[in-house]
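One-letter residues, chain by chain:
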Amino acid sequence: MGHLGALLFLLGGLGALAQICEITEVDSTLVERLGQRLLPWMDRLSPEQLNPSIYVGLRLSRLQAGAKEAHYLHSLKLSYQKSLLRPSSSKDGNDSEAKPSMGQLALYLLALRANCEFVGGRKGDRLVSQLKRFLEDEKAAIGHNHQGHLRTSYYQYGLGILALCVHQKRVHDSVVGKLLYAVEHESHLLQDHVSVDTMAMAGLAFSCLELSNLNPSQRDRISLALRRVQEKILKAQTPEGYFGNVYSTPLALQLLTGSLSPTVELGMACLKAKAALQASLQHKTFQNPLMISQLLPVLNQKSYVDLISPDCQAPRALLEPAPETPPQAQVPEFIDVVLKVSGVSPSYTHSVSVPAGSSLEDVLKNAQEHGRFRFRTQASLSGPFLTSVLGKKAGEREFWQVLQAPDTPLQQGIADYRPKDGETIELRLVSW
């Protein structure tokens, strides 16, 4: 009986671990500080700076911004409704006049659902039609033989399907089928370090489709693909506990916290991820508003899939602005950063002196002001990204990759990353 009792105790312990992924009991002060970082962004109401993910993240969190939330949603509605009345493209290249991308439009639909609104009426039907048209265009770009290439990304493709799903808007089986094929064959989704984000977004779309049963003829295939995505994400966990990297972990956890297939492996992976996130919060790792807005729901045991049936009456604590720290009078410390550009002729290498704590974008601006260096960026919800360096524009299926020399891709954008003294940053034009 003694051996039997020990066995039962062990099985009971394993059973306790085989539970849904939970990220609970995170220091509330750290969570509040995380939310406070979003407040200044809610004062930026120009069309190119409005970010629907901020609204979604707060509504799915334990925090609220009071009247500022309603004003922000009103600004989003005015901007996106106005964008639908504009011509398809702006030939003068003015980004502020451009129509929203597929990802931006999808996030706006998530924001409406976060306010317990279903799209409807003439304006709502136009939004839905526009997003469906984006998806159909991307489906055509992939092609019947799956050898083509998306104009955007499978991340945006999955986000588009998810946004329509939470509004109970069905997309054609053939549209879903392209995302299923990509997951089943992996090559489209697992090409680089951002694949965990893409897989997680695809998984969230599959989770919504499975729960809503909007494509019943694909139900079995959707369920299998969802399990495949979850397994791949678990295998991508690093020794530190992150899934892929620290910035892809929030979206991965959104998927895993909604898993309906509890296992010991899942429970252990989430415990490890929780410890890693706690450390990252203490070190103020998360500064980008998109990443913060993906993490806040996780800390409230929520995900984008919960927008199928959001709880708009749930109590949330009011956020107060962080107290301002008076500036200290001191001589600024300067650092030297070596900026290197490859993929152009002639090549470029130059040392730039900037105040300590400057962003990489500040480094690029300094180099532009004091030498022959030139660059251009385009705004996105995750921050500006490079479109042209030294007059060389990234062409179709090309992009300017930013690396820590000699060969480490940056995990942050140019507005978020802060180089260290003596560091070499390389800008490299690469094809994909």
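Residues numbered from 1 in each chain as written. Predicted model: local features only at pLDDT ≥ 70, side-chain atom pairs only at ≥ 80, totals over all residues. Heavy atoms only, no water.

> Is there a simple way to explain the overall build of the chain in this structure?
Of regular secondary structure, the chain possesses 14 helices and 10 strands. Burial statistics for the chain: of 432 residues in total, 47% are counted as buried. Within the chain, contacts between residues at least 6 apart in sequence are counted, and of these 69% link residues at least 24 apart. On the chain, roughly 21100 Å² of surface is accessible, and the fraction owed to carbon and sulfur atoms is 52%. (Helix = DSSP H or I, 4+ residues; strand = E, 2+ residues; numbered from the N terminus. Buried < 20%, exposed > 50% of the residue type's maximum accessible area, 1.4 Å probe, protein only. Contact = heavy atoms within 4.5 Å. Areas by Shrake-Rupley, 256 points an atom, 1.4 Å probe, with all protein chains shown as cover.)

> Explain the state of the cysteines here, please?
Structurally, a disulfide amounts to a covalent bond that connects the sulfur atoms of two cysteines. Per the counting criterion, the structure on display carries three disulfides. Linked covalently through their sulfurs, Cys21 and Cys270 form a disulfide whose S-S length is 1.8 Å. Its torsion about the S-S bond being -115 degrees, the disulfide of Cys21 and Cys270 is classed as left-handed. Taken together, the residues Cys21 in the loop between helix H1 (2–17) and helix H2 (28–36) and Cys270 in helix H12 (residues 264–282) connect sequence positions 249 residues apart. According to the relative accessible area criterion, Cys270 is buried, its value standing at 2%. The side chain of Cys116 participates in a disulfide bridge whose partner is Cys312; the two sulfur atoms lie 2.0 Å from each other. Measuring handedness by torsion sign, the sulfur bridge of Cys116 and Cys312 sits at about 110 degrees and is right-handed. In this pair, Cys116 sits in the loop between helix H5 (102–114) and helix H6 (121–142) while Cys312 sits in the loop between helix H13 (289–298) and strand E2 (317–318), placing the two residues 196 residues apart along the sequence. Assessed through its relative accessible area of 24%, Cys312 is described here as partly exposed. (Disulfide = S-S within 2.5 Å.)

> Is there a simple way to explain the packing of aromatic side chains in this structure?
Think of a pair of aromatic rings as described by two things: how far the centres are apart, and how the planes are tilted against each other in angle. Counted under the stated rule, the structure contains five aromatic pairs. Taking 6.2 Å as the distance between ring centres and 65 degrees as the angle between the ring planes, the aromatic pair formed by Tyr154 and Tyr157 counts as edge-to-face. You can see Tyr154 and its partner Tyr157 sitting in helix H7 (residues 154–166), three residues apart, about one turn around the helix. Taking relative accessible area as the criterion, Tyr154 reaches 8% and is therefore assigned buried. Through pairs of rings, three or more aromatic residues link up here, namely Tyr348, Phe373 and Phe375. We note Arg113 situated over the ring of Phe118; from NZ or CZ to the ring centre the distance is 3.7 Å. (Phe/Tyr/Trp six-rings, centres within 6.5 Å; stacked < 30°, edge-to-face > 60°. Lys NZ or Arg CZ within 6 Å of the ring centre and 35° of its normal.)

> How should I be thinking about the pattern of salt bridges in this particular structure?
Opposite charge on two side chains makes pairing possible when the charged atoms of those side chains draw close. Under the counting rule described, the total for this entry stands at nine salt bridges. The salt bridge involving Asp173 is made with Arg170; its shortest N-O contact spans 3.0 Å. Residue class for Arg170 comes out partly exposed when judged on its relative accessible area of 39%. A salt bridge links Glu426 to Arg428; its shortest N-O distance comes to 3.1 Å. One salt-bridge network, held together by shared partners, links Arg59, Glu69 and Arg316. (Salt bridge = Lys/Arg side-chain N within 4 Å of Asp/Glu carboxyl O.)

> Would you explain helix H4 (residues 67–83) in this entry?
What sets the pattern is the α-helix's 3.6 residues per turn: residues three or four places apart point alike. Taking 1.5 Å per residue, 17 residues should reach 24 Å; H4 reaches 25 Å between its end C-alpha atoms and fits that length. By the burial criterion, the buried members of H4 are Glu69, Tyr72, Leu73, Ser75, Leu76, Ser79, Tyr80 and Ser83. Buried residues in H4, looked at end-on, bunch into an arc of 160 degrees, giving them a common side. Looking at H4, the residues exposed on the side facing more than 90 degrees away from the buried face are Ala67, Ala70, Leu78 and Lys82. Elements that come into contact with the buried residues of H4 comprise helix H3 (52–59), strand E1 (63–64) and H5. (Expected span 1.5 Å × (residues − 1). Arc of directions from axis to C-beta.)

> Before we go on, may I ask you to explain H6 in this structure?
For H6, spanning 22 residues, the distance from its first C-alpha to its last is 32 Å, which sits close to the expected 32 Å at 1.5 Å a residue. By the burial criterion, the buried members of H6 are Gly124, Leu127, Val128, Gln130, Leu131, Leu135, Glu138, Lys139, Ala141 and Ile142. Buried-residue contacts for H6 involve H5, H7 and helix H8 (173–185).

> What is the right way to read the sheet that holds strand E5 (residues 375–378) from this model?
Neighbouring strands of a sheet are bound in pairs by backbone hydrogen bonds; such pairs are parallel or else antiparallel. Read from one edge of the open sheet, three strands run E5-E6-E7, paired in antiparallel fashion. Of all strands in the sheet, those with a lone pairing partner are E5 and strand E7 (392–393), marking the two edges. Pairing geometry for E5 and strand E6 (residues 385–389), over four bridges, is antiparallel. Residue pairing across strands places Thr377 opposite Leu386, the latter belonging to E6. (Pairing = 2+ DSSP bridges.)

> Would you explain the sheet that holds strand E9 (residues 408–409) in this entry?
Taking strand neighbours across the sheet as the criterion, the five strands line up as E4-E3-E10-E8-E9 in an open arrangement whose pairing is mixed. Among the strands making up the open sheet, the edge pair consists of strand E4 (348–355) and E9. Sheet topology places strand E8 (residues 398–404) next to strand E10 (residues 424–431); seven bridges connect them, and they run antiparallel. Bridge pairing in E10 links Val402 to Leu427.

> What exactly am I supposed to notice about the packing of H7 against helix H9 (residues 195–212) here?
The relative placement of two packed helices is expressed as an angle between their axes plus a distance between the axes. Running from N to C, H7 and H9 cross one another at 25 degrees; their axes reach a closest spacing of 8 Å. As far as their axial angle goes, H9 and H7 are roughly parallel. The handedness of the crossing between H7 and H9 comes out as left-handed. Within the contact between the two elements, H7 uses Tyr154, Tyr155, Gly158, Leu159, Ile161, Leu162, Cys165 and Val166 and H9 uses Asp197, Thr198, Met201, Leu204, Ala205, Cys208, Leu209 and Ser212. Considered class by class, the residues forming the contact of H7 with H9 number 12 nonpolar, three polar and one charged. (Axes fitted to C-alpha atoms, helices over the stretch in contact; angles between N-to-C directions. Parallel < 35°, antiparallel > 145°, perpendicular 65-115°, else oblique. Left-handed = near helix turned anticlockwise from the far one by under 90°. Nonpolar A, V, L, I, M, F, W, Y, C, P; charged D, E, K, R; others polar.)

> Is there a simple way to explain the pairing of E8 in this structure?
Consecutive residues of a regular strand have side chains that alternate between opposite faces of the sheet. In terms of strand pairing, E8 meets E9 through two bridges, oriented antiparallel. Among the inter-strand pairings, Leu403 is bridged to a residue of E9, identified as Pro409. The hairpin turn running from E8 into E9, its antiparallel successor, is three residues long.

> Hey, could you run me through the UniProt feature "binding site: cyanocob(III)alamin" (unreviewed entry) in the chain in this one?
In the UniProt entry, the feature "binding site: cyanocob(III)alamin" (unreviewed entry) is given for Thr152, Ser153, Tyr154, Tyr155, Gln156, Asp197, Asn245, Gln294, Leu410 and Trp432. Here Gln156 is to be found in helix H7. The contact partners of Gln156, leaving out residues within four places of it in the chain, are Ser101, Met102 and Gly103. With respect to the helices, strands and loops of the structure, Leu410 is situated in the loop between E9 and E10. The buried category is assigned to Leu410, whose relative accessible area is 10%. (UniProt positions renumbered as here; feature names shortened; annotations may be inferred.)

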